[in-house]
Amino acid sequence: MRVAIAGAGAVGRSIARELIVNGHQVLLIDKDPDALKPERVPDAEWLLADSCELSSLEESRMESCDVVIAATGDDKVNLVTSLLAKTEFAVPRTVARVNHPNNEWLFTEAWGVDVNVSTPRIMSALVEEAVTVGDLVRLFTFRKGNANLVELTLPADSPYVGKPSGLIPFPENCSLVTILRDGQVYTPSEEQPIESGDELLFVASAESEQELQSLLAPEQHRR
């Protein structure tokens, strides 16, 4: 997979290293000469260019990319880069970094953004996920699928502790995808029981979230 990353700062370089380790071809783009440090990520391609300029994106062969990641520290640049990648070069997948939470509402498909990544939102979700028992925590939104990845840590007094997952009447548009228990990942089957303290990961529509929480952790059981 060929991935272009706009923004060769610490964030962009870190993403590039991870992708290269996983076997992907990576191009780092930045208009600041001081940001171009090929020795930091020697296996990546590097391009001194402005990702908001069509000519620069043509030079980068943007049309051959499977994914474009807009990872600069400027939300305006990330939006314009995503929009150009999607509308002018038909890049299948765009991911954009949100630097300022107040701008998050702009990072939508209308601006060519398939997935937005807001660091404050992710950090708050991870904190909630780590300390909350019985409350549903939204970790990630699949914008195209109108669904979310959500987590719930099962409280000890849930009515379904010890029950096989196949006997639990989960709401429509909701699927249990993983059970995390004692540092292990379990693939749920109909016979697999859920236990107190299990971290349950679901893909669920927004409409089914409240029903899911009420089912597994009624208000009188949550804490």
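Refer to the structure above for everything that follows.
Residues numbered from 1 in each chain as written. Predicted model: local features only at pLDDT ≥ 70, side-chain atom pairs only at ≥ 80, totals over all residues. Heavy atoms only, no water.

Focus on the overall build of the protein
No. 1: Broken down by element type, the protein carries five helices and 11 strands.
No. 2: The C-alpha extent of the protein, read off along each of the three principal axes, is 60 × 35 × 25 Å.
No. 3: Counting only residues that meet the buried cut, the protein has 43% of its 223 residues in that class.
No. 4: Considering only intrachain contacts with a sequence separation of at least 6, the fraction spanning at least 24 residues in the protein is 54%. (Helix = DSSP H or I, 4+ residues; strand = E, 2+ residues; numbered from the N terminus. Buried < 20%, exposed > 50% of the residue type's maximum accessible area, 1.4 Å probe, protein only. Contact = heavy atoms within 4.5 Å.)

Section: the pairing of strand β11 (residues 199-204)
No. 1: Pairing between strand β8 (residues 147-153) and β11: six bridges, direction antiparallel. Each residue of the ladder has a partner; that of leucine 149, found in β11, is valine 203.
No. 2: Bridging between strand β9 (residues 174-181) and β11 involves six bridges; their strand directions are antiparallel. If you follow serine 175 over to β11, its bridge partner there is valine 203. (Pairing = 2+ DSSP bridges.)

Observations regarding the packing of aromatic side chains
No. 1: Considering all chains together, one arrives at one aromatic pair under this definition.
No. 2: Arginine 181 extends its terminal NZ or CZ atom over the ring of tyrosine 186, reaching a point 5.1 Å from the ring centre. (Phe/Tyr/Trp six-rings, centres within 6.5 Å; stacked < 30°, edge-to-face > 60°. Lys NZ or Arg CZ within 6 Å of the ring centre and 35° of its normal.)

Some points on the pattern of salt bridges
No. 1: Counted according to the given criterion, the structure contains four salt bridges.
No. 2: Arginine 2 serves as the salt-bridge partner of glutamate 45, at 3.6 Å between the closest nitrogen and oxygen. In this pair, glutamate 45 is assigned in strand β3 (residues 45-48) and arginine 2 in strand β1 (residues 2-6), connecting sequence segments 43 residues apart.
No. 3: Classification of glutamate 45 by relative accessible area gives partly exposed; the value is 28%.
No. 4: Accessibility expressed as a relative area gives 6% for arginine 2, which makes it buried.
No. 5: A salt bridge links lysine 86 to aspartate 114, with the nearest nitrogen and oxygen atoms 2.7 Å apart. (Salt bridge = Lys/Arg side-chain N within 4 Å of Asp/Glu carboxyl O.)

No statement about biological role is implied by the geometric values presented.
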